Amino acid sequence: MKWRSLLLAVLAIVLIGTWQPKIMAIPTSPLVLEVNPAHPQASDTPQDITQHPFRTIGAALAWAQKSDRPTDIYIHGGIYREALGTIQQRQTPLRLIAKAGERVILRGSQQWSDWEVVSSSPEVTIYRHPWTLGWGVSGNPWTDYGVDLPLLAQRGELVWGQDHPLRQRLRFEELQGNDFYVADAEQQLYVALPAGISPNELEVAVHREALRILDSGFISLVGLRFEHYGGTFTQAVRIERSHEIEIKDCTFWANNWGGLESHQSDRLRVERTQFLQNGWRGMAGVHLRDFTVQQVLVQGNNWRGAWAGFYTWDAGDKYFHLRRAVFDRYRAIENQAAGLWLDTDNQEVYIRRSQFVGNAVVGLFLEAGTGPVTIEDSLIAYNYSIAPNYLQTPGIFGWAAAQVTLRHNWIWENQGAQIGVRDPSPRTITLPESGKEITVRSENWHLEGNWIGSRQERLLTTLKGEPFLQTLRLQDNHWWSEAPYPFRLEGEDVPWSQWQERYGHASDRWLTP
């Protein structure tokens, strides 16, 4: 029997050795890479990456992607005229960080010194340069919706002066000065400049995209500036099917189309970042979950759309199918489009301590969503309408928007109705989680503690808005106007007394001018 006991003991030892749980590896500290083209030993193939810096960001990023080790790439100040490609299928932390106190610019353009003079007058000189990229006309993706996208908005070439884009012309004969024209058949780029201005300082976009993040997680971009990337329907940075992405202390400036666009991604955070003077929009997103936007400025976007008189449809910051999104201290200022457009099926969106001021169309557009959407402690003021269509409410515009709460906001002196609810047609949306179709209408709005006023503009208007009016809840709001009929309800001009009698609440107050 001893041999049997001995056999059982040996077997137990073997089984324990086989079945014991694996000990998780202790995460290693991040590998640190540096990019410093000014260093005398900088190289894109350094022999010792711990001692010698990379010359370009792209080379350092390519090296980092060969390893699964967490990596921090510190970038010294300078202008990097690069397209970085794609971070794909990476799940190990990777950070691209500007060195503290240094200005890192990723630029999608080039400066050329070999311009040829075509003609010259005392006022204007016309130059030309070979143009072989052949971007041409993108086409209109919205013809099925009856949208007329002007030809000027379908071109992606970008020529930037010191502080403004040169205006693109569609014919050589239209050149006047501070503008440009692309002759596709000739493969030539023409610029017209005032006398005495050299074309050598112009920035001509040659890259369409700085970086794409695809099927990846735990990626951070910190302190970087993205500018002068060209193309139509393109963005300087694009995020797809990714998670745990951080964009912090960055700037997206002077790109032909957009700054940042995100699709089908979770737990994205954009913080202390600016989107300035982009040709179409600053940011956009589709199918995002747990999306946080904090201390972000979006200003002066959609100049290309404005060139063509196109301010609506897909222009400006726009979002679809958000789930659990927070916009905190978000500022949309002086854009040539809507300040912020929540379009189609956005749920659990919370906007607080934000500003929507001086935008060309509408400050905040809520469209085709079940909600809830909450806006509080925010300023919606001095927005104005220049688009001759359904966007007639420059303050807050609701179209088939349900479960909206406005709490403790200043909605003030917009050049049109301060709040407008118009459901000109039923809206049916498909919920992506279930595939179920539902019909949405504007109803169950709650206004509490707001200050709503304008000297002569309407305070509130409705069109086919009976569901909104019948489900509206009011409490402790302050209203002010010098107009005798500050409300327009279903085509009827209504004074304050009738508004209070039909729909108002005893706690609301009328401020006497």
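Residues numbered from 1 in each chain as written. Predicted model: local features only at pLDDT ≥ 70, side-chain atom pairs only at ≥ 80, totals over all residues. Heavy atoms only, no water.

1. Observations regarding the overall build of the protein
The following threshold applies: Helix and strand assignments come from DSSP, with helices taken as H or I runs of at least 4 residues and strands as E runs of at least 2, each series counted from the N terminus. Summary of the burial criterion: residues with accessible area below 20% of their type's maximum are buried, those above 50% are exposed, and those between are partly exposed, where the area comes from a 1.4 Å probe applied to protein chains only. The Shrake-Rupley method, run with a 1.4 Å probe, gives the accessible areas here. Residue values count only the displayed protein chains as cover. Charged residues are defined narrowly, with Lys and Arg counted positive, Asp and Glu counted negative, and His plus the chain ends left uncounted. By convention, the charge on Lys lies at NZ, on Arg at CZ, on Asp at CG and on Glu at CD.
Check the secondary structure of the protein and you find five helices and 43 strands. With respect to the principal axes defined by its C-alpha atoms, the protein has extents near 95 × 95 × 45 Å. Classification of the 513 residues of the protein by burial places 55% in the buried group. A total of about 22800 Å² of accessible surface is found on the protein, and carbon and sulfur atoms cover 50% of it. Mean positive and mean negative side-chain charge positions of the protein (48 and 57 charges, respectively) differ by 7 Å.

2. A closer look at unusual backbone geometry
Residue proline 372 is bonded to the preceding glycine 371 through a cis peptide linkage, with omega at 0°. Structurally, proline 372 is set in the loop between β28 (364-369) and β29 (373-376). The phi dihedral of phenylalanine 218 falls on the positive side, at around 65°, and the residue is not glycine. Note on placement: phenylalanine 218 falls in strand β16 (residues 217-222). Using a relative accessible area of 35% as the deciding quantity, one classes phenylalanine 218 as partly exposed. Its identity is not glycine, yet histidine 321 carries a phi of approximately 55°, on the positive side. With respect to the element layout, histidine 321 can be found in the loop between β23 (318-320) and β24 (323-333). Looking at histidine 321, the relative accessible area reads 15%, which means it is buried.

3. Digging into the packing of aromatic side chains
Note the threshold: The pairing test for Phe, Tyr and Trp rings, Trp by its six-membered ring, is centres within 6.5 Å, and the orientation test on the planes gives stacked under 30 degrees, edge-to-face over 60, and tilted for anything in between. As a reminder, the over-ring test applies to NZ of lysine and CZ of arginine, requiring each to be within 6 Å of the ring centre and within 35 degrees of the ring normal.
This model, assessed by the stated rule, comprises 33 aromatic pairs. Chaining the aromatic ring pairs together yields one cluster made of Trp142, Tyr145, Phe233, Trp257, Trp280, Phe310 and Trp313. Against the face of tryptophan 313 rests lysine 318, its NZ or CZ located 5.7 Å from the ring centre.

4. Describing the environment of glycine 416
Structurally, the position occupied by glycine 416 is in the loop between β32 (410-412) and β33 (419-422). Glycine 416 sits in the buried class, given a relative accessible area of 9%. Separated by 273 residues in the primary sequence, glycine 416 and threonine 143 place their C-alpha atoms 30 Å from one another.

5. Regarding the pattern of salt bridges
Applicable threshold: Every case where a carboxyl oxygen of Asp or Glu lies within 4 Å of a side-chain nitrogen of Lys or Arg is listed as a salt bridge.
Following the criterion strictly, the structure yields 39 salt bridges and no others. Ionic pairing is found between glutamate 209 and arginine 212, a salt bridge with its closest N-O pair at 2.9 Å. Residue arginine 212 is classed as partly exposed on the basis of its relative accessible area, which comes to 26%. Of the charged contacts, one joins glutamate 482 and arginine 455 as a salt bridge, the two residues approaching to 2.6 Å between their closest N and O atoms. Of the two residues, glutamate 482 is situated in the loop between β40 (478-481) and β41 (487-489) and arginine 455 in the loop between β37 (451-454) and β38 (460-463); the sequence distance between them amounts to 27 residues. Look at glutamate 482 and you get partly exposed, because its relative accessible area is 38%. In this structure, a network of salt bridges that share partners links the residues Glu209, Arg212, Arg238, Glu240, Glu261, Arg281, Asp314, Lys318 and Asp343.

6. Some words on the pairing of strand β8 (residues 116-120)
Side-chain direction in a regular strand flips from residue to residue, so the side chains alternate between the two faces of the sheet. To be explicit about the condition: Note on pairing: DSSP must find at least two bridges between two strands before they are called paired.
Pairing of β8 with strand β9 (residues 124-130), which is carried by four bridges, proceeds in the antiparallel orientation. Each residue of the ladder has a partner; that of valine 117, found in β9, is tyrosine 127.

7. Here we look at the sheet that holds strand β7 (residues 109-110)
Pairing within the open sheet is antiparallel, and its three strands lie in the order β7-β14-β10. One side of each edge strand has no neighbouring strand; the edge strands of this open sheet are β7 and β10 (159-160). Taken together, the two bridges between β7 and strand β14 (residues 203-205) define a ladder with antiparallel strand orientation. The partner of glutamine 110 across the bridge, within β14, is valine 204.

8. Considerations on the nonpolar core
Note the following rule: Residue types Ala, Val, Leu, Ile, Met, Phe, Trp, Tyr and Cys, when buried and joined through side-chain atoms within 4.5 Å, form a set referred to as a nonpolar core.
Within the largest apolar cluster, 84 residues are counted, with the highest numbers of intra-cluster contacts made by Phe327, Trp445 and Trp499. For this core, the leading source of residues is strand β22 (residues 281-299), giving six residues. Residues Trp112, Leu166, Leu189 and Val206 belong to the second largest nonpolar core, which totals 27 residues.

9. Details of the pairing of strand β13 (residues 188-194)
Burial analysis of β13 places six of its seven residues in the buried class, which makes it a mostly covered element. In terms of strand pairing, β9 meets β13 through seven bridges, oriented antiparallel. The residue of β13 that forms the bridge with proline 130 is glutamine 188. Bridge analysis of strand β12 (residues 179-183) against β13 gives five bridges, and the strand direction is antiparallel. Bridging across to β13, tyrosine 181 finds its partner in tyrosine 190. Between β12 and β13, which follow one another and run antiparallel, lie four residues, and glutamine 187 among them has a positive phi close to 55°.

10. A few points about the sheet that holds strand β11 (residues 167-169)
So the rule is basically this: For helices, the axis comes from a line fit to the C-alpha atoms of the stretch in contact; other axes are also lines fit to C-alpha atoms, and the angle between any two N-to-C directions lies between 0 and 180 degrees.
Strands sit in the order β8-β9-β13-β12-β11 across an open sheet of five strands; the sheet is mixed. Looking at the sheet topology across the chains shown, the edges are occupied by β8 and β11. Along the sheet, successive strands turn relative to each other by an average axial angle of 25°, direction set aside.

11. Observations regarding the confidence of the model for the protein
We count it as follows: Known as pLDDT, the predictor's confidence for each residue is given on a scale from 0 to 100. We call two residues in contact whenever any of their non-hydrogen atoms come within 4.5 Å of each other.
The predicted model of the protein has a mean per-residue pLDDT of 93, with 94% of residues at 70 or higher. For residues 6-26, every residue scores under 50 in pLDDT, and the model assigns this stretch zero contacts once sequence neighbours within four places are set aside.

12. Overview of a nonpolar patch on the surface
Our working rule: What goes into a patch is any residue over 30% in relative accessible area without a salt bridge, connected to like charges within 9 Å or, for nonpolar side chains (Val, Leu, Ile, Met, Phe, Trp, Tyr), within 5 Å.
Together, Val137, Leu151 and Leu170 make up an exposed nonpolar region whose accessible area comes to about 230 Å². Within the fold, leucine 151 resides in the loop between β9 and β10.

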